[in-house]
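Secondary and tertiary structure notes
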Amino acid sequence: MIAVYDSGLGGILSLNKIIKDYPDEKILYFGDSHNAPYGNKTFKEISELVEKNITMLENVGVNDLVLACNTICSIVDFDKKRRLNLYDIISKTIEQIDIDKQANILVFGTMITIEAGRYVEELHKRGYHNISTHHLDKLAGYIENFENPSVIKNYLYDEFYKINARPDLIILACTHYPVVEDIFKVFYEVPVFNSRDLHFEINKRHEGHEVLIYMDKNEKLIKFLDKYLEYPYKFYEKSNSGF
Ligand code: DGL
């Protein structure tokens, strides 16, 4: 079974492409909404949560785990020996970028993603050196909690005026952010890249098409799934019975 894991809702936007690429596979989406947002926690707190959840996913039979969360990918130990294969969203997000090497790139992410510095490091490796970063401490939490769009817009505009940047390209280094991508596009009027449409090389097992959501079932989540998930799904049997 393939699983897709995010701190909460954001990875649902990245899930569509994985379902499209693997139509004959069983795919489990796990969003750890009980503990979201991850991005303002300490490295130690996140790493404990992530290791616990990876073990849980190994125990329910996951073979391949796409980490649809930049914050998790910023702290997880990819070299650790595990029973499942891990797939990294950060390197894939960066691979999409093909622009003049002198371009000014502005990366928005959670506090942990920005502090961990993987984006800057990997962009440097690809020859990009004019990079600035900014952490949006409230944004993932707002989206996770279905905050009023005008509150989100005001918050973002305050941040944009504060940083006063003139980028040529923006990277949304958090899988929650594409929900409000238009606000970035309208303000900056430059191309905006995100982690939504990524292809991962996963061995096919042909277990049969099934999309399962492992999250607390509630009305707001169902509305969100109806809006952003392009495929039929079922709730996983363990949803609402503890994590
Ligand atoms: N969606 C996550 C990411 O890509 C994290 C949001 C959060 O939990 O802070 O970074």
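The paragraphs below set out a description of the structure included in this document. Worth saying up front: this structure is predicted, and the values here are computed from it rather than measured.

Conventions and cut-offs
Residues numbered from 1 in each chain as written. Predicted model: local features only at pLDDT ≥ 70, side-chain atom pairs only at ≥ 80, totals over all residues. Heavy atoms only, no water. Helix = DSSP H or I, 4+ residues; strand = E, 2+ residues; numbered from the N terminus. Rg over C-alpha atoms; globule rule 2.2 N^0.38 Å. Buried < 20%, exposed > 50% of the residue type's maximum accessible area, 1.4 Å probe, protein only. Contact = heavy atoms within 4.5 Å. Near = heavy atom within 4 Å. Polar contact = N/O pair within 3.5 Å; in protein donor to acceptor, adjacent residues only side chain to side chain. Areas by Shrake-Rupley, 256 points an atom, 1.4 Å probe, with all protein chains shown as cover. Nonpolar A, V, L, I, M, F, W, Y, C, P; charged D, E, K, R; others polar. Arc of directions from axis to C-beta. Pairing = 2+ DSSP bridges. Core = buried A, V, L, I, M, F, W, Y, C linked by side-chain atoms within 4.5 Å.

Digging into the overall build of the protein
Each helix and strand in the protein was counted, giving ten helices and ten strands. Against the 2.2 N^0.38 benchmark of 18 Å for 243 residues, the protein shows a C-alpha radius of gyration of 17 Å, consistent with a compact globule. Here the C-alpha coordinates of the protein stretch approximately 50 × 40 × 35 Å along the principal axes. Taken across its 243 residues, the protein has 53% of its residues classed as buried. Expressed as a percentage of contacts within the protein between residues at least 6 apart in sequence, the contacts between residues at least 24 apart total 72%.

Comments concerning the site of the ligand
In the vicinity of the ligand, 13 residues are found, and the nearest of them are S7, Y38, T71, T175 and H176. Y38 is positioned such that a nitrogen or oxygen atom in its backbone is 2.6 Å from an oxygen atom of the ligand. One of the side-chain nitrogen or oxygen atoms of T71 is found 2.7 Å away from an oxygen atom of the ligand. Considering the ligand on its own, with 300 Å² of exposed area, one finds that the protein chains cover 99% of that surface. A per-class count over the shell around the ligand returns five nonpolar, seven polar and one charged.

Looking at helix α10 (residues 219-228)
Taken together, the buried positions of α10 are L221, F224, L225 and Y228. End-on, the buried residues of α10 take up no more than an arc of 100 degrees, which puts them together on one face. Counted as exposed and oriented over 90 degrees from the buried face of α10: E219, K223, D226 and K227. Taken together, the buried residues of α10 touch α1 (11-21), β9 (210-214) and β10 (234-235). Two to three positions downstream of the cap, the backbone nitrogen of K220 sits 3.1 Å from a side-chain oxygen, assigning the N-cap of α10 to N218.

Topic: the side chain of R82
Summarising the element assignment, R82 is placed in the loop between α3 (70-75) and β4 (85-88). Judged by its relative accessible area of 16%, R82 falls in the buried class. For R82, the side chain forms a polar contact with the side chain of E51, separated by 2.8 Å. Looking at R82, its side chain comes within polar contact range of the main-chain oxygen of D77, at 2.9 Å.

Notes on the pairing of strand β3 (residues 64-67)
Neither face of β3 is exposed, since D64 and V66 on one face and L65 and L67 on the opposite face are all buried. Of the pairings in the sheet, the one linking strand β1 (residues 2-6) to β3 comprises four bridges and is parallel in character. Bridge pairing links V4 to V66 in β3. The pairing of β3 with β4 spans four bridges and is parallel. Following the sheet pairing, V66 is matched in β4 by Y87.

A closer look at α1
Spacing of three or four residues puts side chains on the same side of an α-helix, whose turn is 3.6 residues. Of all eleven residues making up α1, ten are buried, and the element is well covered by its neighbours. Listed in full, the buried residues belonging to α1 are G11, I12, L13, S14, L15, N16, K17, I18, I19 and D21. Residues of α1 that are buried make contact with β1, β2 (26-31), β3, α4 (89-95), β9 and α10.

Side note on the nonpolar core
In terms of nonpolar packing, the biggest core is built from 66 residues, with I12 and L65 touching the most fellow members. When residues of this core are assigned to their parent elements, the largest contribution, six residues, is made by helix α2 (residues 43-59). In contact with I12, not counting residues within four places along its chain, are Y29, M215, L221, F224, L225, Y228 and L229. One finds F108, I152, Y155 and L156 within the second-largest nonpolar core, a separate group that totals 21 residues.

Re the sheet that holds strand β8 (residues 192-193)
The sheet built from four strands is open, its strands ordered β6-β5-β7-β8 with parallel pairing. The sheet terminates laterally at β6 (131-135) and β8, the two strands that pair on one side only. Relative to strand β7 (residues 169-173), strand β5 (residues 105-109) is paired through five bridges, and the arrangement is parallel. In the strand pairing of β7, I105 is matched with L169.

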